[in-house]
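Coordinate analysis (summary)
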Amino acid sequence: MTNRQRRDAQMAYISDESVFAEQQVCRRKLQKLNSMDWSDFGETEKAVKDLLGKSDKAFINPPFYCDYGTHIEVGKNFFANYNCTILDVARVRIGDNCQLAPNVSIYTAGHPIHPMARNSLYEYGKEVTIGDNVWIGGNTVICPGVHIGSNTVIGAGSVVTRDIPGWSLAAGNPCRVIRKITDNDKRKLFRDEEIDEEAWSHIVEKTHGLC
């Protein structure tokens, strides 16, 4: 098997010239995205689409960093805020309506623990999947192989080393479920503060009364 085949099969692989060639293509696209006029939202959106390929209204606030771009799959209305890093050695699959706060890092890349194996330059990538309607708080790190269920919120500063189920409010290092998200949270804004009447009426109207 080639190293690219081994990488894509989530096996141990070495970053050889063929791997670096793929990364060079990505880095050129990142250079364009990160150096362009950040106030030109239309061109930024085009650069994001060129980097990620198939996307529907995806937007990323530069600067953004990744290894390939083509290994990242995002759903509708994806948003990543400033200084997001996705090491997409393996696939990163993100569902619809997901939001990443500033300084979120998603790592699929890893290295052997023992120095004998690690110094051989072999490494690996393990897929990360994130469901629909997920909000990842600022400065969160998501580690290789993690799966986060739909409708979940990850609190700021978390280090996610294990799977987190859907409909969960989770936080911490290591990240753990604090409680389930329920219908009682629908009108919550910040802590015990509720969404005001004007905004709530607008929300109800936009969601066709599903609130």
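Bear in mind that the values here come from a model prediction, so they are computed numbers and not experimental data. For every chain, the first residue of the written sequence is number 1, and numbering continues from 1 onward in sequence order. Under the rules for a predicted model, residues below a pLDDT of 70 receive no local features and side-chain atom pairs below 80 are neither given nor counted, while totals for whole chains, interfaces and linings still include all residues. With hydrogens and water excluded, all non-hydrogen atoms of the structure serve as input to the side-chain values.

Notes on the sheet that holds strand 14 (residues 141-142)
The strand order across the open sheet formed by 5 strands is 3-6-9-14-17, and the pairing between neighbours is parallel. Each edge of the open sheet carries a strand with a single partner, namely strand 3 (64-66) and strand 17 (159-160). We call two strands paired when DSSP finds no fewer than two bridges between them. Each helix is a run of H or I in the DSSP string that is no shorter than four residues. Each strand is a run of E no shorter than two, and both are numbered from the N terminus. Looking at chain direction, strand 6 (residues 84-87) and strand 9 (residues 105-107) are connected through 3 bridges and run parallel. What sits directly across from Leu 87, in strand 9, is Tyr 107.

Quick word on helix 5 (residues 197-206)
Structurally, the start of helix 5 carries an N-cap: the backbone nitrogen of Glu 198 is 3.1 Å from a side-chain oxygen of Asp 196. A positive backbone phi angle near 55 degrees is found at His 208, which sits one or two residues after helix 5. Within 3.5 Å is the distance limit for a polar contact, defined as a pair of N or O atoms, with the added protein rule that one can donate a hydrogen and the other accept it, and that residues adjacent in sequence qualify only through two side-chain atoms.

A closer look at the side chain of Ser 158
With respect to the helices and strands, Ser 158 occurs in the loop between strand 16 (153-154) and strand 17. Reaching out from Ser 158, the side chain makes a polar contact with the backbone oxygen of Gly 155 at a distance of 2.7 Å. Throughout, a contact is declared for two residues whenever any of their heavy atoms are within 4.5 Å. Discounting residues that sit within four places of it in the chain, Ser 158 has contacts with Asn 139, Thr 140, Val 141, Ala 170, Ala 171, Gly 172 and Cys 175.

Structural notes on the sheet that holds strand 10 (residues 109-110)
As summarised here, the arrangement of the 3 strands in space is 1-11-10, forming an open sheet in which the pairing is antiparallel. Strands at the two margins of the open sheet, each flanked by one partner only, are strand 1 (13-14) and strand 10. In this sheet, strand 11 (residues 122-125) lies alongside strand 10 in antiparallel orientation, the contact comprising 2 bridges. For Ala 109, the partnering residue across the bridge sits in strand 11 and is Gly 125.

Details of the packing of aromatic side chains
Aromatic rings from Phe, Tyr and Trp, taking only the six-membered ring of Trp, are treated as a pair when their centres fall within 6.5 Å; an angle between ring planes under 30 degrees marks them as stacked, one over 60 as edge-to-face, and anything in between as tilted. Summed over the entire model, instances satisfying the criterion amount to 2 aromatic pairs. Geometrically, the ring pair formed by Phe 41 and Phe 59 is edge-to-face, given 5.9 Å between the ring centres and 70 degrees between the ring planes. Highlighted residues: Phe 41 in helix 3 (residues 41-52) and Phe 59 in strand 2 (residues 59-60), separated in sequence by 18 residues. In this structure Phe 59 comes out as buried when scored by relative accessible area, which is 16%. In our convention, an over-ring charge means Lys NZ or Arg CZ found within 6 Å of a ring centre and within 35 degrees of that ring's normal. Directly above the ring of Tyr 68 sits Arg 7, whose terminal nitrogen or CZ lies 4.7 Å from the centroid. Only protein chains enter the accessibility calculation, which uses a 1.4 Å probe; a residue is then buried when its area is under 20% of its type maximum, exposed when over 50%, and partly exposed in between.

What about the environment of Asp 56?
Along the chain, Asp 56 turns up in the loop between helix 3 and strand 2. Expressed as a C-alpha distance, the spacing of Asp 56 and Ile 113, which sit 57 residues apart in the sequence, is 39 Å. For Asp 56, the residues in contact, after removing those within four places along its chain, are Gly 75, Lys 76 and Asn 77.

Description of the pattern of salt bridges
If the charged atoms of two oppositely charged side chains come close together, the side chains can form a pair. Any Lys or Arg side-chain nitrogen located within 4 Å of an Asp or Glu carboxyl oxygen qualifies as a salt bridge. In total, this model carries 11 salt bridges according to the counting rule given. Between Arg 187 and Glu 197 there is a salt bridge, with the nearest N and O atoms lying 3.0 Å from each other. Here Arg 187, found in the loop between strand 19 (176-180) and strand 20 (188-190), pairs with Glu 197, found in helix 5; they are 10 residues apart in sequence, far enough to count as distant. We classify Glu 197 as exposed; its relative accessible area is 54%. Three or more residues joined by partner-sharing salt bridges are found here, namely Arg 4, Arg 7, Asp 8 and Glu 22.

Focus on the layout of surface pockets
One number sums up the size of the largest pocket: a volume of about 1300 Å³. Both cavities and pockets are sets of points on a 1 Å grid over the protein atoms alone; in a cavity a 1.4 Å probe fits but cannot get out, in a pocket the set is open with protein on both sides within 12 Å along at least five of seven lines, and lining residues sit with an atom within 4 Å of a point. Lining the largest pocket are 33 residues; nearest its centre among them are Trp 135, Val 153, Ile 181, Asp 185 and Lys 188. Elements with a contribution of two residues or more to the lining of the largest pocket: strand 16, strand 18 (168-171), strand 19, strand 20 and helix 5. Taken together, the residues of the lining of the largest pocket break down into 18 nonpolar, 10 polar and 5 charged. Grid points are joined across faces, edges and corners, and a volume is the space filled by probe spheres set on the points. Put simply, Ala, Val, Leu, Ile, Met, Phe, Trp, Tyr, Cys and Pro go in the nonpolar bin, Asp, Glu, Lys and Arg in the charged bin, and everything else, Gly too, in the polar bin.

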